[in-house]
Structure formats: structure tokens, C-alpha cells
Amino acid sequence: MNKDELRIQMTDLNVEILSDLKKELADEKGKPADERDNSFISELEEMIAQTEEEILSESQVRSLDKSLKMLDEYKHPKKKNLVRIVSVAAAALMVVLGLNTASMKVFGQNMFSAAYKLNKGSITITTDDSSKSSELAVSPSDPYGMKAKCAEYGFFPDTPSYIPEGFDLEHISEDSDDYSDIVLFFYKKGNAKLNIQFNNYKTQDDIPAISIPTDTYNISEKEINGNTVHIVEEDKQFTATYTKDMIRYVIFAENLDYEECDKVLLSLS
């Protein structure tokens, strides 16, 4: 498994954990008042807050191997087993992620429009946005079929009108629950990769902070089509992300010229 695949797998795992925790919390709160387990509700709320605050990054893989194995084995345990398993994993996450945190104020945070937190191996961005088959139907206004695919989930994001020549759509990842819809398009050309992800959140409160794995903290901002886009460039990798109208946009590329990445980003409409 290469670095990119590992990062994607860990991100998917984090989303899955958060979704399971929120579902358990909703189920418990939906019970009659005299049947609710208030201590269980408190535990769930604490774990949800911890999971939303920090996202797993590549540098934490070895330290969390045991916790990940426990979570991989979890399917549909009983309520108390869920608390025990995820509590152990959450505790491990907080131990690792709590190391060497730093504030962007040291580097002049006022240069940026968002609040940045430097964690060990990642940047977390907190913004205030108030504002299965690979065969896709295409049209002049939707040349890559992304709008049509997202429309299946009832949301309509800006999508790129430019993808570099030679890139083929290899896979589409789809997930939907009570809190968000996620559609992720995987393109590839030789050893170059281009991933375009749309996360549509159901309410403003469901939108988490942005987390980008990084070793260098080489972050910049660009204003594109009225949106503040956060960009990290390092090790032949490019990550750009922003949130607009309850939709989180993420473009990730590896071994693709940064100018080509910018063209993809600029073509979103």
C-alpha cells in the first residue's frame, strides 16, 4: 500500500468512526427520557468532539496500529463494546495528536482568514462557512458527469471543466448518512493521481474542521471565484480545499505538475 492509499484509507476510517458515534448518539437521545443512559450520552458526545477536533495523519500510523486493528475488527458490537473499543482508540489518538501542537500565531496567523492549528504531522483549519459505477453520464455543461452523480444525492456542487489529458476515472467512492453525503472521484494517469471529493453536509453544525496531512506546513491561500481556498504543496503532492454552501471541496493530486493542479482548481464552476 502506498502513501496516498494509506492516507485515503485512514481518512475513510475517521469518517466511519464519526458516523457510527453520531448514529449511536442519535439513537440514544431518541429514546424516552426514562430509558436514556445519560452517562453513555456523555461518553459519546466527548468522543465525537475528540474525533471532530483531530484527523488521523500519516505520521501517526505506526503509533496507532493497535487501535486501528481494534477498529477494523469492529462491525456491529453491543452498545457498551462500542464505547470500550472507540474509547481506547480515541485515547490513543489524543495522546499522539496532543504532542507538539503549535499556534499559527507564532508564524503570523493574521495573514490568513481562517484559524490554523499545527498538529504533529497535519494542519487543522477551522473556517466559518455561513454561506459506485465509473460509467458517468456526461453533457456539455457536465463534461465529466460529476454534477449528475452528485445530483443523485440531492446536491449540486461546482465541478471542474478541466482535467489534464490522459487521466482516466478509475473509481468512485460514495457514502451517505444522516449527517453528510460524500462522493469521491479517483483519476489516474501512470503514477500520477487526481482525486476530487465533495462532502455535502446536512446542517452547519455537522461541518468539521479541515485537516490536511503535512510535514512542512507549507500552506497558502488563494481567492478563487469568491472562495478562500487553502492549499498545501509538498513532496509532489497538492491539496486544495474550501467550503461553500455546506459543501466541502477537496482536490488532491500526486505526481501532477502544480500548474495543472491550479488549472483544475480554477475550472470549478
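Summary of the structure given here. (Residues numbered from 1 in each chain as written. Predicted model: local features only at pLDDT ≥ 70, side-chain atom pairs only at ≥ 80, totals over all residues. Heavy atoms only, no water.)

So, about helix α6 (residues 258-266). When α6 is considered as a whole, its buried residues turn out to be Glu260, Cys261, Asp262, Val264 and Leu265. Where α6 is buried, its residues touch β6 (192-201), β8 (219-224), β9 (227-234), β10 (237-244) and β11 (247-254). Sitting at the head of α6, Asp257 places a side-chain oxygen 2.8 Å from the backbone nitrogen of Glu259. (Buried < 20%, exposed > 50% of the residue type's maximum accessible area, 1.4 Å probe, protein only. Helix = DSSP H or I, 4+ residues; strand = E, 2+ residues; numbered from the N terminus. Contact = heavy atoms within 4.5 Å. Polar contact = N/O pair within 3.5 Å; in protein donor to acceptor, adjacent residues only side chain to side chain.)

According to the stated counting rule, one finds 6 salt bridges in the structure shown. Across the pair Glu260 and Lys263 runs a salt bridge whose closest N-O atoms are separated by 3.2 Å. Here Lys263 and Glu260 lie together in helix α6, a separation of 3 residues that amounts to about one turn. Look at Glu260 and you get buried, because its relative accessible area is 18%. Residue classification places Lys263 among the partly exposed positions, given a relative accessible area of 44%. Salt bridges sharing partners connect three or more residues here, namely Lys149, Glu152 and Glu174. (Salt bridge = Lys/Arg side-chain N within 4 Å of Asp/Glu carboxyl O.)

The phi dihedral of Asn225 falls on the positive side, at around 55°, and the residue is not glycine. Secondary-structure assignment places Asn225 in the loop between β8 and β9. For Asn225, a relative accessible area of 53% corresponds to the exposed category. Of note, the phi angle at Asp235 is positive, near 50°, even though the residue is not glycine. Look at Asp235 and you get partly exposed, because its relative accessible area is 48%.

For the rest of this paragraph, the subject is the nonpolar core. Residues Phe185, Leu194, Phe198, Phe238 and Leu265 are the most contacted members of the largest nonpolar core, which totals 29 residues. Secondary-structure elements contributing two or more residues to this core are α5 (146-151), β5 (180-189), β6, β9, β10, β11 and α6. Discounting chain neighbours no more than four positions away, the residues touching Phe238 are Ile231, Val232, Glu233, Ile251, Phe252, Ala253, Tyr258, Cys261, Asp262 and Leu265. Among the nonpolar cores identified, the runner-up in size contains 9 residues, and Leu18, Phe40, Leu44 and Ile48 belong to it. (Core = buried A, V, L, I, M, F, W, Y, C linked by side-chain atoms within 4.5 Å.)

So, about the pairing of β8. By the bridge criterion, 6 bridges tie β8 to β9 in an arrangement that is antiparallel. Within β9, the residue paired with Glu223 across the bridge is Thr228. If you look at the hairpin formed by β8 and β9, you'll find 2 residues sitting between the two strands, and Asn225 has a positive phi there, around 55°. (Pairing = 2+ DSSP bridges.)

Judged by pairing direction, the sheet is antiparallel, and its 7 strands sit side by side in the order β4-β5-β6-β11-β10-β9-β8 without closing on themselves. The two strands at the open ends of the sheet, each matched to only one other strand, are β4 (168-176) and β8. Averaged over all neighbouring strand pairs, the angle between strand axes comes to 15°, with direction disregarded. The pairing of β6 with β11 spans 8 bridges and is classified as antiparallel. Residue pairing in the sheet places Gln197 in a bridge with Val250 of β11. (Axes fitted to C-alpha atoms, helices over the stretch in contact; angles between N-to-C directions.)

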